[in-house]
Amino acid sequence: QVQVVESGGGLVQAGDSLRLSCTASGRTFSSYAMGWFRQAPGKEREFVAAISWTSTRRYYADSMKGRFTISRDNAKNTVYLQMNSLKPEDTAVYYCAASGRYSGSSSLREYDYWGQGTQVTVSS
């Protein structure tokens, strides 16, 4: 069993930056690919970014490429999502998830453990 806890959300203005953190505990963190997803009101949960065990593979949704960066620190059991040039349409609850796959995935079904989410609100 893996417990996943997100933090770092908040209210920011358009153009600002924010860094989300996700800490996982319970099993060997370095054995899990990690992903970030988000869900806006009235919309389905969507893929944001994923990172492999050893950080050698990173994936991004097209709309986040160049603005968001995923990284991890296995010594701290933590994965980060650095978000720059935020837009009002980035407003959503952001979820962190852990997958037993090596390389991560954009599919929600590939993730075994999920956090409760952290709210990000971007005002115009």
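Reference entry: report on the structure contained in this document. This one's a predicted model, so the numbers in the text were calculated from it and none came from an experiment. (Residues numbered from 1 in each chain as written. Predicted model: local features only at pLDDT ≥ 70, side-chain atom pairs only at ≥ 80, totals over all residues. Heavy atoms only, no water.)

Here we come to the overall build of the protein chain. Helices and strands together make up the secondary structure of the protein chain, namely 0 helices and 11 strands. Relative to the 2.2 N^0.38 estimate, which gives 14 Å for 124 residues, the radius of gyration of the protein chain is 13 Å and therefore close to what a compact globule would have. Projected onto its principal axes, the C-alpha positions of the protein chain cover 40 × 25 × 25 Å. Per-residue burial over the protein chain gives 44% buried out of 124 residues. (Helix = DSSP H or I, 4+ residues; strand = E, 2+ residues; numbered from the N terminus. Rg over C-alpha atoms; globule rule 2.2 N^0.38 Å. Buried < 20%, exposed > 50% of the residue type's maximum accessible area, 1.4 Å probe, protein only.)

The residue L18 is located in strand β3 (residues 18-25) in this model. On a C-alpha basis, the gap between L18 and S123 in space is 13 Å, while along the polypeptide they are 105 residues apart.

We now examine the state of the cysteines. By the definition in use, this model includes 1 disulfide. Note on cysteine connectivity: C22 is disulfide-linked to C96, with sulfurs 2.1 Å apart. Handedness of the C22-C96 disulfide follows from its S-S torsion of about -80°: it is left-handed. One end of the pair, C22, is in strand β3; the other, C96, is in strand β9 (residues 92-99), and 74 residues separate them in sequence. A relative accessible area of 0% places C22 in the buried class. (Disulfide = S-S within 2.5 Å.)

Taken together, 4 strands build an open sheet; the order of strands is β1-β3-β8-β7 and the sheet is antiparallel. Only two strands of the sheet have a single partner each, and these edge strands are β1 (3-7) and β7 (68-73). Neighbour-to-neighbour, the strand axes of this sheet turn through a mean angle of 15°, independent of strand direction. (Pairing = 2+ DSSP bridges. Axes fitted to C-alpha atoms, helices over the stretch in contact; angles between N-to-C directions.)

Counting 34 residues, the largest nonpolar core has M34, W36, V79, L81, M83 and Y94 as the members making the most contacts within it. Breaking this core down by element, the ones donating at least two residues are β3, β4 (33-39), β5 (46-51), β7, β8 (78-83), β9 and β11 (118-123). (Core = buried A, V, L, I, M, F, W, Y, C linked by side-chain atoms within 4.5 Å.)

One pass over the full model with this rule turns up 6 aromatic pairs. Aromatic side chains W53 and Y102 sit 5.4 Å apart centroid to centroid with 70° between the ring planes, which places their arrangement in the edge-to-face category. On the criterion of sequence distance, the pair formed by W53 in the loop between β5 and β6 (58-60) and Y102 in the loop between β9 and β10 (113-114) is long-range, its members being 49 residues apart. W53 gets classed as partly exposed once you look at its relative accessible area, which sits at 30%. Residue Y102 is classed as partly exposed on the basis of its relative accessible area, which comes to 31%. Positioned above the aromatic ring of Y95 is the side chain of R45, whose terminal nitrogen or guanidinium carbon lies 3.6 Å from the ring centre. (Phe/Tyr/Trp six-rings, centres within 6.5 Å; stacked < 30°, edge-to-face > 60°. Lys NZ or Arg CZ within 6 Å of the ring centre and 35° of its normal.)

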